[in-house]
Amino acid sequence: MQRFFAEPIVKAALVLAFGPILAAAIGGYAFYQVRMASDVITVTGSARETVTSDHARWTISITARTGLYDQSAGFEAVSRGVEALQTKLAAEGLTDITVNPPSIYEQYGDRGTITGYNVSEDIIVQSDDVEKISTLAQNAIALQGTGYIVRTGFVEYTYTKLDEMRVKLLGAAIADAEARADSITKMSGQTTGKLKSASSGVVQVLSKNGVDISDYGSYDTQSIEKDVMVTVRAVFSLR
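Residues numbered from 1 in each chain as written. Predicted model: local features only at pLDDT ≥ 70, side-chain atom pairs only at ≥ 80, totals over all residues. Heavy atoms only, no water.

Caption draft 1: Geometry of the overall build of the chain. Each helix and strand counted, the chain has 4 helices and 10 strands in total. Buried residues in the chain amount to 32% of all 239 residues. In the chain, 76% of the contacts between residues at least 6 apart in sequence involve partners at least 24 apart. Accessible surface computed for the chain: about 15,200 Å², of which carbon and sulfur atoms make up 56%. (Helix = DSSP H or I, 4+ residues; strand = E, 2+ residues; numbered from the N terminus. Buried < 20%, exposed > 50% of the residue type's maximum accessible area, 1.4 Å probe, protein only. Contact = heavy atoms within 4.5 Å. Areas by Shrake-Rupley, 256 points an atom, 1.4 Å probe, with all protein chains shown as cover.)

Caption draft 2: Here's a closer look at the pairing of strand 10 (residues 225–238). For strand 10, a buried count of 11 out of 14 residues is recorded, marking the element as mostly surrounded by other parts of the structure. Bridging between strand 1 (residues 40–52) and strand 10 involves 13 bridges; their strand directions are antiparallel. Residue pairing in the sheet places Val43 in a bridge with Ala234 of strand 10. When strand 7 (residues 192–200) meets strand 10, the two strands line up antiparallel, connected through 6 bridges. If you follow Ser197 over to strand 10, its bridge partner there is Val235. (Pairing = 2+ DSSP bridges.)

Caption draft 3: Region of interest: the nonpolar core. Grouped together as the largest cluster of nonpolar side chains are 25 residues, with contacts concentrated most on Trp58, Ile60, Ile62, Leu89, Ile123 and Val125. Elements represented by at least two residues in this core include exactly strand 2 (55–66), helix 2 (71–91), strand 5 (114–127), helix 3 (130–137) and strand 6 (149–158). Setting aside anything within four residues of it in sequence, one finds Ile62 in contact with Val78, Gly81, Val82, Leu85, Val119, Ser120, Glu121, Ile123, Tyr148, Ile149 and Val150. Core analysis: the next-biggest nonpolar cluster, separate from the first, contains 20 residues, Val51, Tyr159, Leu162 and Met165 among them. (Core = buried A, V, L, I, M, F, W, Y, C linked by side-chain atoms within 4.5 Å.)

Caption draft 4: Quick look at the pattern of salt bridges. Under the defined criterion, the tally for this structure stands at 6 salt bridges. Glu49 serves as the salt-bridge partner of Lys168, at 3.1 Å between the closest nitrogen and oxygen. Of this pair, Lys168 sits in helix 4 (residues 162–185) while Glu49 sits in strand 1, and the two are 119 residues apart along the sequence. For Glu49, a relative accessible area of 26% gives the class partly exposed. (Salt bridge = Lys/Arg side-chain N within 4 Å of Asp/Glu carboxyl O.)

Caption draft 5: View of the side chain of His55. Mapped onto the elements of the fold, His55 is located in strand 2. Here Gln126 takes part through its side chain, which lies 3.0 Å from a polar atom of the side chain of His55. Engagement of the side chain of His55 in a polar contact is seen with the side chain of Asp128, the distance being 2.8 Å. When near neighbours in sequence (up to four residues on either side) are disregarded, His55 contacts Gln126, Ser127, Asp128, Val130, Glu156, Tyr157, Thr158 and Thr160. (Polar contact = N/O pair within 3.5 Å; in protein donor to acceptor, adjacent residues only side chain to side chain.)

The structure is reproduced here in structure tokens:
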């Protein structure tokens, strides 16, 4: 009977004896963690700059329609159109031209029967003369010929010095992060110390004054004037 009451009494005594010590240990650990967290401040900074595209890639499509049995005439018309277009572009100083292989696809009538064919061929024009390509792309009538149709596709405008701009903006973004940290820490009576670590987010290339950012990065190719934006997550020590 004595053994039956002994174990609970001993266990209760142990809890009463060591409980405050255990609680103090847990409390001390939590306080230590808070102090460690208060030794640094993590902020996000950003930098943004407007750039002008310095390269353009223009797709032009030349198409000829044929009947059911004169596909060869369509290929000849398209070939003639490609040659004429290359001559016109060369006169404008545009010689970086890639001609893709021709393709042919059916035309269908109202009852779903084949009535003829479309023969098509794409030309890719690239140049650093962005303004010239922009002007020509808006004047497709001047590119037309006889026996074929010239359609101008989208012009892709890009900025080739993006890597250099990213390095420049990283420094500006860290400076922005430090300025934000200073604004926060001075209210607590502390000051911002040294930069301990920094990690950059993806580069965002947006239309000028655009806000359509993406977690995976974005690259606007439709605007000549565009904004490059970089964000940085920076950790500073506190003094």
